[in-house]
Amino acid sequence: MKKLLTFFTLLITVFTFSQDIYNSNNVDEFAVYPSCEDDSNSYLECFKNKLNEEISDKLSKMTLDKILHGSGDYFAKLNFIIDENGYFINITSQGNETLARISTQTLYRINREQKENSTKIKPALVNGNPVKVYFNISVHYTNK
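Chemist: Describe the pattern of salt bridges, with residues and values.
Modeler: Summed over the entire model, instances satisfying the criterion amount to four salt bridges. Lysine 58 serves as the salt-bridge partner of glutamate 54, at 3.6 Å between the closest nitrogen and oxygen. Remark: lysine 58 and glutamate 54 occur in helix α2 (residues 43-60); sequence separation between them is four residues, near one turn of the helix. A residue is classified by how much of its surface remains accessible, and lysine 58, at 10% relative accessible area, is buried. Between lysine 58 and glutamate 113 there is a salt bridge, with the nearest N and O atoms lying 3.0 Å from each other. Taken together, the residues span a long stretch of sequence, with lysine 58 in helix α2 and glutamate 113 in helix α4 (residues 97-116) at a distance of 55 residues. Judged by relative accessible area, which is 22%, glutamate 113 ranks as partly exposed. Here the salt bridges do not stand alone but share partners, grouping Glu54, Lys58, Arg109 and Glu113 into one network.

Structure representation (structure tokens):
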């Protein structure tokens, strides 16, 4: 009886706390990056471009040539979820370890700046309700 009760408690907990994570293909409206509000035809493309610009801008202000050893092209891929509040969560990365780590820190920095400023990512919507959406972005840096 205790095992059955434990099983049902676990089952109810899983169903209660699990939330769907959508992707760009199955949301009614993708997340809206600040300054993309007027680009309703392609929130996804604008989001990708603006986030890439912001990451590139922040990386260009760092002395990556001293951190990344050797000249050449460096790549990293960031995978993350944009939550119902418009924040990046569950960030994982792959590719060049150093660039991936710095790029991940940059996403967390963007989160902090959003909290401090009035600019904020509007979350993705399904049936008018904010939802979590999976996203990834590639980061490229050329060290000369």
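Chemist: I'd love a proper account of the side chain of threonine 104, names of residues and values included.
Modeler: The topology assignment puts threonine 104 in helix α4. With a relative accessible area of 13%, threonine 104 lands in the buried category. Once residues lying within four places of it in the same chain are set aside, the contact partners of threonine 104 are Leu78, Ile91 and Ser93.

Chemist: Tell me what's going on with the pairing of strand β3 (residues 88-95), and back it up with residues and numbers.
Modeler: The pairing of strand β2 (residues 72-82) with β3 spans six bridges and is antiparallel. Its bridge partner lying in β3, asparagine 79 is registered against threonine 92. A loop of five residues connects β2 with β3, the two strands running antiparallel in sequence, and glycine 86 in this loop sits at a positive phi of about 90°.

Chemist: Describe the packing of α2 against α4, naming the residues involved and giving the relevant values.
Modeler: One way to put it is that α2 packs onto α4 with a least axis distance of 10 Å and a crossing angle of 110°. Taken together, the axis directions place α2 and α4 in an arrangement best described as roughly perpendicular. Along this stretch, α2 crosses α4, giving a crossing that reads as right-handed. Residue-level contacts link Leu51, Glu54, Ile55, Lys58 and Leu59 of α2 to Leu99, Ile102, Ser103, Thr106, Leu107, Arg109, Ile110 and Glu113 of α4. When the residues that make up the contact of α2 with α4 are grouped by side-chain class, the tally is seven nonpolar, two polar and four charged.

Rules of the game
Residues numbered from 1 in each chain as written. Predicted model: local features only at pLDDT ≥ 70, side-chain atom pairs only at ≥ 80, totals over all residues. Heavy atoms only, no water. Salt bridge = Lys/Arg side-chain N within 4 Å of Asp/Glu carboxyl O. Helix = DSSP H or I, 4+ residues; strand = E, 2+ residues; numbered from the N terminus. Buried < 20%, exposed > 50% of the residue type's maximum accessible area, 1.4 Å probe, protein only. Contact = heavy atoms within 4.5 Å. Pairing = 2+ DSSP bridges. Axes fitted to C-alpha atoms, helices over the stretch in contact; angles between N-to-C directions. Parallel < 35°, antiparallel > 145°, perpendicular 65-115°, else oblique. Left-handed = near helix turned anticlockwise from the far one by under 90°. Nonpolar A, V, L, I, M, F, W, Y, C, P; charged D, E, K, R; others polar.

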